[in-house]
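Each chain, written out:
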Amino acid sequence: INHIVHNGGLYKRPFNEAFEETPMLVAVLTYVGYGVLTLFGYLRDFMRQWKIEKCQNATEREEQKDFVPLYQDFENFYNRNLYMRIRDSWNRPICSVPGAKVDMMERVSHDYNWTFTYTGRVIKDIINMGSYNYLGFAQNAGTCQEAAAKVLSQYGAGVCSTRQEMGNLDKHEELEKLVARFLGVESAMAYGMGFATNSMNIPALVGKGCLILSDELNHASLVLGARLSGATIRIFKHNNMQSLEKLLKDAIVHGQPRTRRPWKKILILVEGIYSMEGSIVRLPEVIALKKKYKSYLYLDEAHSIGALGPTGRGVVEYFGLNPEDVDVMMGTFTKSFGAAGGYIGGKKELIDYLRTYSHSAVYATSMSPPVVEQIITSMKCIMGEDGTTVGKARVQQLAENTRYFRRRLKEMGFIIYGNEDSPVVPLMLYMPAKIGAFGREMLKRNIGVVVVGFPATPIIESRARFCLSAAHTKEMLDTALKEINEVGDLLQLKYSRHRLVPLLDRPFDETTYEETED
């Protein structure tokens, strides 16, 4: 399904997203693959029960058999029999800066991935297609590293206190003023952990008697925050404005269950870029609905801040919108800024309230000074306040890399999800056996990729996820594309029925579709 939106009223630019339907034969074979794995799983469990096969998984001791079980057999069935087969595709230890290339420690397993041993060999110069290093600030040389090292020698590594006690440094104040200026909002607050920025602040904003409308593909941190708040949660279909509007209408017409009183607050939770789909939120439409139905908007820009917009100011700038239209602007420093932590920006009243009532602000230890300096230096670089155009060039380079990489993959015949401007590029694998095979084959060719399967995705929509970076050169991308093409032929991953036709005279960002014979 291709969504091409160019509505002069709401959108100031073309909005092109593609989610090609899973071919029927592929879907059937994927279900058959999971069925076969499940049957063999039950067979192996039977063999483990009768001591024919050694049982490696966690079980209760004999003297604890009469207690309530700590390990539910059925809940661990997937881990034991499906995940364990391809466990070597995850948690690979790297021993270098996670830049455009990484060094990885080689490991082997002699018991089918239950345990790993290190060979002592280091695999050098693997092209890193998995890290969220969008602007290439994950580096151990340059102005950011020098500034962080200077602050480390002056302030030390830790603060050992909360912001409300002895942990409020001048660097923290400087960072928050800079973030507010960068976002174009009145005030901002920084936190030491991106996940906790969502999970600990949403409960401070809404509670019992409030309604949260959440996108079905929101990140786990947003889901956890919504659940901890005690508010009523209703889910709308991913990026579907008709579904969202229907929920808003119903909420206003019917009010709270049983009492029919009006909701105290209605809060819409969305993300800028969805990290598993590569899609961009339809923010102009969400803001129009928010204004129409007098609700609040919470925007999570973890993946979009720095990665979208002409000057890297995120999805609000990408659509040419006013930051004041977003009530709560949240984002993280862990991706585009090459650091750690998160922020919330908005009206001064909102930030003052969170300083007092947010669990992250009151109980969490302050951010480490070198990390704060890394964010300040990289943000000033993006804004051009360091006296160079390096930051702007990185934002432009990321946009060029994104369009080039996506176009080339589509030309090869892969099914690619998401928006054409999203640096998160999911390549569909579907079948369970191909998850591990793709990761291993790419590593053999010195390309590091992230593969994702159930439960992080729907059971038949396993995928490989590439994250592009401004640090990737065209030569690196061409090398990666050549190997992906080769592995795609080897594993028969070219499922697309809408293959792009490469035209020599075509402008860089335009695409032509040719319907291939099914």
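What you see is a predicted model, and the numbers here were worked out from it, not measured in a lab.

Colleague: Kindly report on the sheet that holds strand β5 (residues 187–191), identifying the contributing residues and their values.
Modeller: Backbone hydrogen bonds are what pair the strands of a sheet, in a parallel or an antiparallel way. Spatially, seven strands are ordered β5-β11-β10-β9-β8-β6-β7 in an open sheet, and the strand pairing comes out mixed. Bordering the open sheet on either side are β5 and β7 (232–236), each of which pairs with just one other strand. Strand-to-strand twist of the sheet, defined as the mean angle between neighbouring strand axes without regard to direction, takes the value 20 degrees. Pairing between β5 and strand β11 (residues 342–346): five bridges, direction antiparallel. By the bridge assignment for β11, methionine 189 is matched with isoleucine 344. With respect to the sheet, helix α7 (residues 241–254) is in contact with β6 (211–215), β7 and β8 (266–271), its orientation differing from that of β7 by roughly 150 degrees. In the packing of helix α8 (residues 283–292) onto the sheet, contacts are made with β8 and β9 (296–300), and the angle to β9 comes to roughly 155 degrees.

Colleague: Requested: an account of the layout of surface pockets, with residues and values cited.
Modeller: Put simply, the largest pocket is a space of about 930 Å³. Forming the walls of the largest pocket are 40 residues, and the residues nearest its centre are Leu217, His238, Tyr274, Met276 and Glu277. Only α5 (194–205), α6 (220–229), β10 (328–332) and β16 (462–467) provide two or more residues apiece to the lining of the largest pocket. With three residues, α5 is the single largest residue contributor to the lining of the largest pocket. Here the residues of the lining of the largest pocket are counted per class, giving 14 nonpolar, 14 polar and twelve charged. Both domains that meet at the lining of the largest pocket, namely domain 1 (19–128 + 389–499) and domain 2 (143–383), each give it at least three residues.

How each quantity is defined
Residues numbered from 1 in each chain as written. Predicted model: local features only at pLDDT ≥ 70, side-chain atom pairs only at ≥ 80, totals over all residues. Heavy atoms only, no water. Pairing = 2+ DSSP bridges. Helix = DSSP H or I, 4+ residues; strand = E, 2+ residues; numbered from the N terminus. Axes fitted to C-alpha atoms, helices over the stretch in contact; angles between N-to-C directions. Contact = heavy atoms within 4.5 Å. 1 Å grid on protein atoms, 1.4 Å probe; cavity = no way out; pocket = protein on both sides within 12 Å on 5 of 7 lines; lining within 4 Å. Points joined across faces, edges and corners; volume = space filled by probe spheres on them. Nonpolar A, V, L, I, M, F, W, Y, C, P; charged D, E, K, R; others polar. Domains from an automatic or database assignment.

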